[in-house]
Amino acid sequence: MNSNIEPRDDQTLPDRLVVLGTGGTIAGRAAQRDDHVGYRAGEVAVGDLMAGIPLPVDWSVQAEQLAQIDSKDMGPGVWRLLLARVSQLLMQPGVRGIVITHGTDTLEETAYLLQRVLQPAKPVVLTCAMRPATALAPDGPQNLADALAVAAQPGGRGVLAVCAGRIHGGLAVRKVHHYRLDAFDSGDAGPLGLVEQGACTLFQPWPGAEPDQALLPRLLARQVWPRVECLYSHGGADGWLVRALLAQDAALGRERADRLQGLVVAGTGNGTLHAELLAALLEAQAAGIRVWRTTRCASGRVVLAGSSPEPIPAVALPPAQARLALLLDLLTS
Ligand code: SIN
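Residues numbered from 1 in each chain as written. Predicted model: local features only at pLDDT ≥ 70, side-chain atom pairs only at ≥ 80, totals over all residues. Heavy atoms only, no water.

A count of helical and extended segments in the protein chain gives eight helices and 16 strands. For 333 residues, the compact-globule estimate of 2.2 N^0.38 gives 20 Å, and the C-alpha radius of gyration of the protein chain, at 21 Å, lies within 12% of that figure. Seen through its C-alpha atoms, the protein chain measures out along the principal axes to roughly 60 × 40 × 40 Å. In the protein chain, which comprises 333 residues, the proportion classed as buried is 52%. Surface summary for the protein chain: the accessible area is close to 14700 Å², and the carbon and sulfur share equals 53%. In the protein chain, 29 side chains carry a positive charge and 32 a negative one; their mean positions are 4 Å apart. (Helix = DSSP H or I, 4+ residues; strand = E, 2+ residues; numbered from the N terminus. Rg over C-alpha atoms; globule rule 2.2 N^0.38 Å. Buried < 20%, exposed > 50% of the residue type's maximum accessible area, 1.4 Å probe, protein only. Areas by Shrake-Rupley, 256 points an atom, 1.4 Å probe, with all protein chains shown as cover. Lys, Arg positive; Asp, Glu negative; His and termini not counted. Charge placed at Lys NZ, Arg CZ, Asp CG, Glu CD.)

Structure, rendered in structure tokens:
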């Protein structure tokens, strides 16, 4: 482990960066060094990932293992831990920036949630890898070094994602490729900037820093977060799935904390919905379920035709982020 890596929460430490490990391919281990697919994510400790990583000059770094998961299994348990620990660290004056090592598969969800809830005035940088730590040429070490460089940027703020030399804003980042090292983009917004040789070039301002003070305590206090499920419109989408959900919910009883509260539907093209699916979704609305629609297209967002209200409101987010947006809306409405 790097000699500048410090134990947890020593308040006498000088200004420092904190690295929180949560698992992912960046911490993955494969039996064969040339195997980029058949490995186990979330195996290598974050302290070991830091070994040999060049630290930004004059900074010390504190590393903590917060979780050790394949991020496909991400959910409220680890999100709650992250929200609590990151908000606690942000309040410490000596902590100048935070790096989170994370799996790529749900990174866009964690980034969205942290930015919406915390809107930090310091940099909180998620980073990841597409190849396991044991690969012949792993991409994790460079991504981690780049993330530390971004976290040490004077004036930096907001939730960011750093991968393959590009800096993405936490609300715009999305995974667009299952195998390429440069697996993320920021849709039509474009990346926030680049990190090259430890130096950042910004094309857009850092993300905003105006936290909604109500969200964090509500998320931390609730044992069960509002249930929001996602579904697609597709050829033959006749609403069967929606009606099955409604029937299941009715059978379990609407007073349960984990009852269905929201549905996000990824529509075709500009968020259009199969007529039979739309009929079922309107039934869901009538039963008190909040329904939002977005597009199942990999890029772009739903463009509204006019100012008249649509029966199913549209949201300009990819489906997994739209799900979190509706969950946050349900918490505050
Ligand atoms: C994960 O998301 O934890 C596994 C896949 C990856 O990190 O690329």
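This part takes up the layout of surface pockets. The computed volume of the largest pocket comes to approximately 360 Å³. Lining the largest pocket we find 19 residues, and of these E108, Y232, P318, P319 and A320 sit closest to its centre. Listing elements by their share of the lining of the largest pocket, those giving two or more residues are helix 3 (107-118), strand 10 (174-175), strand 14 (227-232), strand 15 (260-267) and helix 8 (319-332). Among the residues making up the lining of the largest pocket, the classes are represented as 12 nonpolar, one polar and six charged. (1 Å grid on protein atoms, 1.4 Å probe; cavity = no way out; pocket = protein on both sides within 12 Å on 5 of 7 lines; lining within 4 Å. Points joined across faces, edges and corners; volume = space filled by probe spheres on them. Nonpolar A, V, L, I, M, F, W, Y, C, P; charged D, E, K, R; others polar.)

With that settled, the discussion passes to the site of the ligand. Taken together, G24, T25, Y39, D70, S71, G103, T104, D105 and A129 are the residues near the ligand. Within the backbone of S71, a nitrogen or oxygen atom sits 2.6 Å from an oxygen atom of the ligand. In this structure, A129 approaches the ligand through a main-chain N or O atom, which is 3.4 Å from an oxygen atom. Relative to its unbound accessible surface of 250 Å², the ligand loses 95% to contact with the protein. By residue class, the composition of the shell around the ligand is two nonpolar, five polar and two charged. (Near = heavy atom within 4 Å. Polar contact = N/O pair within 3.5 Å; in protein donor to acceptor, adjacent residues only side chain to side chain.)

With that settled, the discussion passes to the sheet that holds strand 14. With parallel pairing, three strands are arranged side by side in an open sheet as 14-15-16. The open sheet terminates on both sides in strands that have one partner only, identified here as strand 14 and strand 16 (290-295). Each strand axis lies, on average, 20 degrees off the axis of its neighbour in the sheet, ignoring direction. Pairing of strand 15 with strand 16 involves six bridges; the strand directions are parallel. Bridging from a neighbouring strand, V264 pairs with W292 of strand 16. Running over the sheet, helix 7 (residues 275-286) touches strand 14, strand 15 and strand 16 and is turned about 155 degrees from strand 15. In this fold helix 8 packs onto strand 14, strand 15 and strand 16, with an angle of close to 155 degrees to the strand it touches most, strand 16. (Pairing = 2+ DSSP bridges. Axes fitted to C-alpha atoms, helices over the stretch in contact; angles between N-to-C directions. Contact = heavy atoms within 4.5 Å.)

Moving on to helix 8. Because the α-helix completes a turn every 3.6 residues, residues three or four places apart line up on one side. For helix 8, spanning 14 residues, the distance from its first C-alpha to its last is 20 Å, which sits close to the expected 20 Å at 1.5 Å a residue. Burial analysis of helix 8 places 11 of its 14 residues in the buried class, which makes it a mostly covered element. (Expected span 1.5 Å × (residues − 1).)

Two elements in contact, helix 2 (residues 76-90) and helix 3, have axes whose closest approach is 11 Å; the angle formed by their N-to-C orientations is 45 degrees. Judged by the angle between their axes, helix 2 and helix 3 are oblique. Crossing geometry of helix 2 relative to helix 3 is assigned as right-handed. Across the interface between the two elements, W79, L82, L83, V86, S87 and L90 of helix 2 pack against E109, T110, L113, L114, V117 and L118 of helix 3. Broken down by class, the residue content of the contact of helix 2 with helix 3 amounts to nine nonpolar, two polar and one charged. (Parallel < 35°, antiparallel > 145°, perpendicular 65-115°, else oblique. Left-handed = near helix turned anticlockwise from the far one by under 90°.)

Below, the discussion takes up the packing of aromatic side chains. In this structure the tally under the stated criterion is one aromatic pair. Ring centres of W79 and W225 lie 6.4 Å apart, and the angle between their planes is 5 degrees; on these two criteria the pair is classed as stacked. In this pair, W79 is assigned in helix 2 and W225 in the loop between helix 5 (215-221) and strand 14, connecting sequence segments 146 residues apart. Accessibility classification places W79 together with W225 in one group, the buried group. (Phe/Tyr/Trp six-rings, centres within 6.5 Å; stacked < 30°, edge-to-face > 60°.)

Turning our attention to the state of the cysteines. Within the structure shown, the criterion is met by zero disulfides. Left without a disulfide partner, C297 is nearest to the cysteine sulfur of C230, which lies 16 Å away. (Disulfide = S-S within 2.5 Å.)

Another point: the environment of V159. In this structure, V159 sits in strand 8 (residues 158-163). Counting along the chain gives 49 residues from V159 to T110, while the straight-line C-alpha distance between them is 9.6 Å. Excluding residues within four positions of it along the chain, V159 makes contact with A111, L114, Q115, P120, V124, L126, H168, G169, G170 and P207.

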